[in-house]
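This is what each chain is made of:
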Amino acid sequence: MIDRHFDEELKDLKSDLLKIAAMTEEAIHRSIEALNARDKEAALGVISDDEKIDQLELKIDEQVVDLLARRQPIAADLRFLLTAMKINTQLERIADLAVNIAQRVVLELADLPLIKLQGDIPRLAGIAQKTVRQAIDAFVNHDETLAKGVILADEEADELRNAIQRELIDEYIVKDPALAPRAVALLLVARHFERICDHATNIAEDVIYMVHAEVVKHRPEALEDFDGEQSS
Amino acid sequence: MEIKIKAEHFNFFYGAEQALKEISIEIRRNEVVGIIGPSGCGKSTFLRCINRMNDIIAGTRAEGTMLMDGTDIYEKGIDVVELRRKVGMVFQKSNPFPKSIFDNIAYGLRINGITDKRTVTEKVEKSLRDAALWEEVKDRLAHSAFDLSGGQQQRLCIARALAVEPEVLLMDEPASALDPTATAKIEELIQELKRDYTIVIVTHNMQQAARVSERTAFFMLGELIEFGDTGTMFTKPAKAITEEYITGRFG
């Protein structure tokens, strides 16, 4: 096999993708910490640091365009670059959602008493963190099975968000409208975590395309075909 | 879709050396098939088998069948001259005759029995138009073909092949000696010509195969490794070895 200079360039790109992934995971983690502690300063830190993620997203986009133009890749190389571009966008959106969560802390939640919530925002937050981590691992390791697991876990996140939403509306907003600002802020937080899970699902779908050249997005029946087989 | 050319368990030998091994492939009417593969893989040999150009090399032998419209072209009694009229060929290095532009085209017509001046003139113009060369040469048909640029000479060779009304065009790296602009013109021409002809093109240029062909055949060491839809082959090849070749990991 020939060592291609192109492979070095792909390695550099992958390294930057792992960097933005790490920064995004860190942003989620810090936003959860700020939420749990109702810490406005910590939340403001998440918001201000988002700019670094944005700049890295732009850099990665440029790298991909440059490689597409100069190398005219095909087959697995082409699929990797297309996936890299999509994952780059997904990670930046996830980081934006972490910012949105932090903004709820700053604007509403830090200054108001806690609502005792039966529903499980911490559990939803945990699912969001886990699915993002697993989606990134699936990308790094070309692991279709792990990617499939991420896609299947999205349903649990949706159900949990729906349950939290029902509780916030029925038990708080309807019964005591004075609690509405806090309840709505928490409703949005739950929505943001659920959207993070959606983006993790998108990353996992893109990984399956990258590895297997099969499009499973919008095609739940196609997921049946991925059952523990890893591509070379 | 109608099959124009069909090789079945086709083997070809240069003396004791087997250059093609059990090639079975179907090429449809009016499609463009690209043939890719590393040097020495047999792709040009295969191309030349389709119009029996290899016959002129001493010591060669073919086994299996090569059907054109259902008839085995290696059967006894096949008129090879007529075969080569029906199956035109364009080579890597353009080879216009040392004649005028007009006579380069008219020559083929005349030796095929078309001598009426008006008919010859009309057919010369048509061939040059079909090869997208007419506008560039119409005012200098009496000039030597060697006055033309490399890309124009190649289009003249294509026009020459078209003049005798072939059904198939074989192209052996037709643009590899040309600059990017001339290459683009040849590739555009191929897209036009496929309306009327079946085209088989051998190319070293992966991107060219991707641009011009509907299906691509990958040859290696005399064998047909993979053959299929060009888009699929270049995004998701079935065989690992195809992937390695087309991504430049070997060859």
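Predicted model only: the values in this text are computed from it and were never measured.

Novice: Help me out: how do you make sense of the overall build of chain A in this one?
Specialist: On a plain count of helices and strands, chain A comes out with 6 helices and 0 strands. Listing each helix as α and each strand as β along chain A from the N terminus yields α-α-α-α-α-α. Here chain A has a C-alpha radius of gyration of 19 Å; the compact-globule value for 232 residues is 17 Å, and the two agree. With the C-alpha coordinates aligned to their principal axes, the bounding extent of chain A is approximately 70 × 40 × 20 Å. The buried share of chain A, reckoned over its 232 residues, is 40%.

Novice: Looking at this structure, I do not really get the pairing of strand β8 (residues 198–202) of chain B. What am I missing?
Specialist: Regular strands place side chains that alternate from one sheet face to the opposite one. Residues and elements named next belong to chain B. Counting buried positions over the 5 residues of β8 gives 5, a clear majority of the element. Burial along β8 is two-sided: Thr198, Val200 and Val202 and Ile199 and Ile201, pointing in opposite directions, are all buried. As paired elements, strand β7 (residues 168–172) and β8 share 5 bridges and run parallel to each other. Within β8, the residue paired with methionine 171 across the bridge is isoleucine 201. The parallel pair β7 and β8 is bridged by helix α7 (residues 180–193), and the resulting crossover is right-handed.

Novice: Quick question: what am I supposed to make of the sheet that holds strand β9 (residues 215–220) of chain B here?
Specialist: Strand pairing in a sheet relies on backbone hydrogen bonds, with the paired strands running either antiparallel or parallel. Residues and elements named next belong to chain B. Spatially, β6-β7-β8-β3-β9-β10 is the arrangement adopted by the 6 strands of the open sheet, whose pairing is mixed. Two strands in the sheet have a free side with no partner beyond their single neighbour: β6 (87–90) and β10 (223–229). Direction aside, the axes of adjacent strands within the sheet are offset by 20° on average. Here β6 pairs with β7 via 4 bridges, running parallel. Paired with valine 90 across the two strands is methionine 171, which belongs to β7. Its contacts with the sheet place helix α1 (residues 43–50) against β3 (32–36), β6, β7, β8 and β9, and it is angled at close to 150° to β8. Along the sheet, helix α6 (residues 150–163) makes contact with β6 and β7, crossing β6 at roughly 170°.

Novice: It is not clear to me how the interface of chain A and chain B should be interpreted in this structure. Could you clarify?
Specialist: Often the size quoted for an interface is simply the accessible area lost on bringing the parts together. Across the contact, 12 residues belong to chain A and 15 residues belong to chain B. In the side of chain A that touches chain B, the residues fall into 7 nonpolar, 2 polar and 3 charged.

Novice: Please explain the packing of helix α5 (residues 144–173) of chain A against helix α6 (residues 180–212) of chain A as it appears in this structure.
Specialist: Two quantities define a packed helix pair, namely the angle between the axes and the distance from one axis to the other. All names here are of chain A. As a packed pair, α5 and α6 sit with axes 9 Å apart at the nearest point and diverge in direction by 165°. By the angle between their axes, α5 is roughly antiparallel relative to α6. The interaxial crossing formed by α5 with α6 has left-handed handedness. When grouped by side-chain class, the residues that make up the contact of α5 with α6 number 19 nonpolar, 3 polar and 8 charged.

Novice: Looking at this model, I keep getting lost on helix α2 (residues 40–71) of chain A. Mind explaining?
Specialist: The periodicity of an α-helix, 3.6 residues per turn, causes residues three or four positions apart to be oriented the same way. Residues and elements named next belong to chain A. Across its 32 residues, α2 extends 47 Å between first and last C-alpha, which sits within 8% of the 46 Å expected from 1.5 Å per residue. For α2, the principal kink sits at aspartate 49 and spans about 25°. When α2 is considered as a whole, its buried residues turn out to be Ala43, Val46, Ile53, Leu56, Glu57, Ile60, Gln63, Val64 and Leu67. Against α1 (5–37) and α3 (75–109) lie the buried residues of α2. Of the residues one or two after α2, glutamine 72 is the one with positive phi, at around 40°.

Novice: Before we go on, may I ask you to explain the environment of Asp147(B) in this structure?
Specialist: Along the chain, Asp147(B) falls in the loop between α5 (134–137) and α6. Placed 46 residues apart in sequence, Asp147(B) and Ile101(B) show a C-alpha to C-alpha distance of 9.1 Å.

Novice: Could you clarify how one ought to interpret the sheet that holds strand β2 (residues 17–28) of chain B in this entry?
Specialist: Residues and elements named next belong to chain B. If you walk across this open sheet you meet the 4 strands as β2-β1-β4-β5, and the pairing is antiparallel. Edge positions in the open sheet fall to β2 and β5 (71–72), since each of these has one partner strand only. Direction of pairing for strand β1 (residues 3–14) relative to strand β4 (residues 60–68): antiparallel, over a ladder of 8 bridges. Looking at the pairing, phenylalanine 13 lines up with arginine 61 of β4. Where α1 meets the sheet, its contacts fall on β1, β2 and β4, and the angle it forms with β2 comes to roughly 60°.

Novice: Before we go on, may I ask you to explain the pairing of β2(B) in this structure?
Specialist: Residue and element names in this part refer to chain B. Summarising the sheet, β1 and β2 pair through 8 bridges and their orientation is antiparallel. Following the sheet pairing, alanine 7 is matched in β2 by isoleucine 25. A loop of 2 residues connects β1 with β2, the two strands running antiparallel in sequence, and glycine 15 in this loop sits at a positive phi of about 65°.

Novice: Just to check I follow, could you spell out the nonpolar core for this structure?
Specialist: Nonpolar side chains tend to gather and get buried jointly when the protein is soluble and globular. By size, the foremost hydrophobic cluster in this structure holds 71 residues, and its most contacted members are Ile35(B), Ala159(B), Leu169(B), Leu170(B), Ile199(B), Val200(B) and Ile201(B). The element best represented in this core is α6(B), accounting for 7 residues. Among residues more than four places away in sequence, those in contact with Ile201(B) are Val32(B), Gly34(B), Ile35(B), Met171(B), Pro174(B), Ile190(B), Val212(B) and Ser213(B). Counting 65 residues, the second largest nonpolar core, distinct from the first, contains Ile28(A), Ile53(A), Ala95(A) and Leu160(A).

Novice: Even after reading the chapter, I still don't get the packing of α2(A) against α3(A), so can you show me in this structure?
Specialist: All names here are of chain A. Look at α2 against α3: their axes get within 9 Å of each other, and the N-to-C directions meet at 165°. With respect to α3, the axis of α2 lies roughly antiparallel. By crossing handedness, the relation of α2 to α3 is classed as left-handed.

Novice: Would you mind showing me how to read the environment of Glu224(A) here?
Specialist: Residue and element names in this part refer to chain A. With respect to the helices and strands, the residue glutamate 224 is situated in the segment after α6. By the C-beta count within 10 Å, which is 10 here, glutamate 224 ends up exposed. Sequence separation between glutamate 224 and proline 113 is 111 residues; the distance between their C-alpha atoms is 47 Å.

Cut-offs applied
Residues numbered from 1 in each chain as written. Chains lettered and ligands numbered in written order. Predicted model: local features only at pLDDT ≥ 70, side-chain atom pairs only at ≥ 80, totals over all residues. Helix = DSSP H or I, 4+ residues; strand = E, 2+ residues; numbered from the N terminus. Rg over C-alpha atoms; globule rule 2.2 N^0.38 Å. Buried ≥ 20, exposed ≤ 12 C-beta atoms within 10 Å, placed from the backbone. Pairing = 2+ DSSP bridges. Right-handed = clockwise from strand over helix to strand, strands pointing away. Axes fitted to C-alpha atoms, helices over the stretch in contact; angles between N-to-C directions. Contact = placed C-beta atoms within 7 Å. Nonpolar A, V, L, I, M, F, W, Y, C, P; charged D, E, K, R; others polar. Parallel < 35°, antiparallel > 145°, perpendicular 65-115°, else oblique. Left-handed = near helix turned anticlockwise from the far one by under 90°. Expected span 1.5 Å × (residues − 1). Bend = angle between axes of the 7 residues up to and from the residue. Core = buried A, V, L, I, M, F, W, Y, C linked by C-beta atoms within 7 Å.

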